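Inside the fold
Chain by chain, the residues:
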Amino acid sequence: MRVVTWNLWWRFGAWADRQKAILAVLRELRPDVVGLQEVWAADDGENLAGWLAGELGLHWAWAPSPAPERWQRRIGDGSVGIGTAVLSRWPVVERAVLRLPAPGEVDDGRLAFHVRLDAPGHQVPFCTVHLNSGAGASEVRRAQVASLVDFVAAHRHGTGFPAVVTGDFNARPGSPEVRPLRTARLHDAWLHAGPGLPSGTWGPGDPDGPDGLSARIDHVYVGPPGPGGLGRVRAVRRAGDRPVDGVRPSDHAAVVADLDDGGAVPAAGTPGAATAPGSTGAANAPGTPGW
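In short, a report on the structure.

The next thing to look at is helix α1 (residues 15-29). The terminal C-alpha atoms of α1, which comprises 15 residues, lie 21 Å apart, in line with the 21 Å expected from a rise of 1.5 Å per residue. Every buried residue belonging to α1 is among Arg18, Gln19, Ala21, Ile22, Leu23, Val25, Leu26 and Leu29, and all of these are buried. Of the surrounding elements, those touching the buried residues of α1 are β1 (2-7), β2 (33-42), α2 (48-56), β4 (80-88), β11 (233-239) and β12 (254-259). Trailing α1 by a residue or two, Arg30 shows a phi angle of about 55 degrees, which is positive.

Below you can see the structure in the form of structure tokens.
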């Protein structure tokens, strides 16, 4: 099972060109499930996650931020929402949203988004999250991770597949913010990466320069393997870290983790089945309550 997490840099930069570059990267990766942060949705109903799902033949689910105003002021456009999304080869049979705690002065509607995926042979509890950013927000992130741990624990039952937690944590490995995840038996998949692989997923400098993508702040965490090694991490690497036709897809690189799926394959006749009207993706119109 191929898992990807990626912060798509919302509507910043040359977003229309970047949209095509993002698609090209995901098409090459052929993921089974993708956790996306900083996903845009326009008032006219267009949604980046929905468009990607349609192009890739995947199901999708969307959780809009309840407080997009700070983001909208940054680009001067109040007609564009922001949220968190999941793309999946398999149907989404359960979903839940947690608004992450933050003081009012820094609360810009960050979320944790849980979905349960109906994969053949087992259901997969999957969560993607976007924590607050900023060097001074460490205490905020610690509180958010504490809430996240409880949220994941409440939804990881009833399946042999371990919980998978992805996202932009805005915190480096081993930092105080992410340590509670290890206590909760969620382990950093990057420990299974090949020696010497570039690990940075974001950086304040020139992405093409020596200081670019220097910080690993985007992570995939996985619970203890299930029966027969179900969910065991096989390999991890970075992707989306180079321009596509001269366009850099995002200011973040994606993280790609391959997990043992117990030999599961897509349901017969539906390898990446497109979302039909009335299914998970089509119902995810921007602003749908609770999503």
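Attention shifts here to the packing of aromatic side chains. Tallied over the entire structure, the rule returns 6 aromatic pairs. On the basis of an interplanar angle of 40 degrees and a centroid distance of 6.5 Å, the ring pair of Phe12 and Trp71 is categorised as tilted. On the criterion of sequence distance, the pair formed by Phe12 in the loop between β1 and α1 and Trp71 in helix α3 (residues 69-75) is long-range, its members being 59 residues apart. There is no split in this pair, since Phe12 and Trp71 are both buried.

Across its 17 residues, helix α4 (residues 138-154) extends 25 Å between first and last C-alpha, which sits within 8% of the 24 Å expected from 1.5 Å per residue. For α4, the complete set of buried residues consists of Val140, Arg141, Gln144, Val145, Leu148, Val149, Phe151 and Val152. Buried residues in α4 make contact with β5 (92-99), β6 (111-119), β7 (122-130), β8 (164-168) and α5 (179-183).

On to the pairing of β4. Where burial is concerned, most of β4 is hidden: 9 out of the 9 residues are buried. Side chains Val80, Ile82, Thr84, Val86 and Ser88 of β4 all project onto a buried face; the interleaved residues Gly81, Gly83, Ala85 and Leu87 project onto the opposite face, where all are buried too. As defined by bridge partners, β2 adjoins β4 across 8 bridges and the pair is classed as antiparallel. Of the residues in β4, the one forming a bridge with Val39 is Gly83. Strand direction decides the pairing type here: strand β3 (residues 59-64) and β4, joined by 6 bridges, are antiparallel. Residue pairing in the sheet places Trp60 in a bridge with Leu87 of β4.

About the cut-offs
- Residues numbered from 1 in each chain as written.
- Predicted model: local features only at pLDDT ≥ 70, side-chain atom pairs only at ≥ 80, totals over all residues.
- Heavy atoms only, no water.
- Helix = DSSP H or I, 4+ residues; strand = E, 2+ residues; numbered from the N terminus.
- Expected span 1.5 Å × (residues − 1).
- Buried < 20%, exposed > 50% of the residue type's maximum accessible area, 1.4 Å probe, protein only.
- Contact = heavy atoms within 4.5 Å.
- Phe/Tyr/Trp six-rings, centres within 6.5 Å; stacked < 30°, edge-to-face > 60°.
- Pairing = 2+ DSSP bridges.

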